[in-house]
Amino acid sequence: MSDSTVRIALVLPDLLGTYGDFGNAVVLDKRLAWRGISSEIISVNFGEAVPDSCDIYVVGGGEDTAQTLAVRHLRDNPGLQRAAARGAVVLGVCAGIQIFGEKFTRADDVTHPGLGLIDSVSYAGGSRAIGEVLAKPANGLFEGFLTGFENHQGRTELGPAAQPLAHVTVGTGNDGKVEGAVQGKILCTYLHGPVLPRNPQIADLLIEWATGVKLSPLDLPAVTRLRAERSKAAGQRADA
Ligand code: GLN
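Residues numbered from 1 in each chain as written. Predicted model: local features only at pLDDT ≥ 70, side-chain atom pairs only at ≥ 80, totals over all residues. Heavy atoms only, no water.

Notes on the UniProt feature "binding site: substrate" (unreviewed entry) in the chain
Move 1: Those places that UniProt annotates as "binding site: substrate" (unreviewed entry) correspond, in this numbering, to R128.
Move 2: Topologically, R128 is positioned in strand 7 (residues 120-137).
Move 3: In contact with R128, other than residues within four places in its own chain, are Y19, N151, H152 and Q153. (UniProt positions renumbered as here; feature names shortened; annotations may be inferred. Helix = DSSP H or I, 4+ residues; strand = E, 2+ residues; numbered from the N terminus. Contact = heavy atoms within 4.5 Å.)

Examining the pattern of salt bridges
Move 1: The final tally for this structure, using the stated rule, is 7 salt bridges.
Move 2: Between R198 and E132 there is a salt bridge, with its nearest N and O atoms 2.8 Å apart. Of the two residues, R198 sits in helix 5 (residues 195-198) while E132 sits in strand 7, which places them 66 residues apart along the sequence.
Move 3: For R198, a relative accessible area of 8% gives the class buried.
Move 4: A salt bridge links E208 to K214, with the nearest nitrogen and oxygen atoms 3.5 Å apart.
Move 5: Exposure remark for K214: the relative accessible area of 70% places this residue in the exposed category.
Move 6: Three or more residues are tied together by salt bridges with common partners; here these are R31, R35 and D204. (Salt bridge = Lys/Arg side-chain N within 4 Å of Asp/Glu carboxyl O. Buried < 20%, exposed > 50% of the residue type's maximum accessible area, 1.4 Å probe, protein only.)

Some thoughts on the site of the ligand
Move 1: Not every one of the 15 residues close to the ligand is listed here, only the nearest: G62, D64, C94, N151 and G154.
Move 2: Starting from 300 Å² of accessible surface for the ligand in isolation, the protein chains cover 98%.
Move 3: Contributions of two or more residues to the shell around the ligand are made by helix 2 (64-76), helix 4 (95-100) and strand 8 (146-158).
Move 4: Considering each element in turn, the shell around the ligand owes the most residues, 4 residues, to strand 8.
Move 5: When the residues that make up the shell around the ligand are grouped by side-chain class, the tally is 3 nonpolar, 9 polar and 3 charged. (Near = heavy atom within 4 Å. Areas by Shrake-Rupley, 256 points an atom, 1.4 Å probe, with all protein chains shown as cover. Nonpolar A, V, L, I, M, F, W, Y, C, P; charged D, E, K, R; others polar.)

Written out as structure tokens, the structure is:
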């Protein structure tokens, strides 16, 4: 591998992979290849040291027990935190957004410390948020709509250092109003799908952050059609 290879760490897919979130790493890898940029996916499983030398870290969602094991492992093996401190790109999905915050309180009312990567706290909501989500990007961060599927008990409150990723039109996201978080090069969302195949403009944003290369759009008619159908379906629900 040459030095210019983009290294994508797929973090704890054995614990945080319930919803096919490993697909986010596959999308990054594929979209880099389509741009002629070499890349590799490095899976880091439970019990293994977390490297601090990767360019992009992808963390998925999972149940409360798996999430608690994951946060303990990541606190004991702080490679991800070291990488984030030097500006590596990090994507966190659902359990990911909760783990990255200062602390999270589970549905059983037990509070665990997070990794302190983003200015947020998470707590258990009164009901489970399940279903399709449609949200408008915040701060012109990316084009079009954000769509995805959510399934979580937790809710997340952002502090002043973290910006929302999007504003919720349909669904719950963090709290019924905003969805996800962005702090530096750390981007979090509650959305599965996985989120990057459904929102490739976010995949390209992460690649641009990691490489410093301004990407031109890819011409993929099937992806464009799928996104249009998803947005239309979610929009019809919003109008209902
Ligand atoms: N266990 C967390 C919750 O229920 C995260 C769920 C998930 O990652 N989908 O809120």
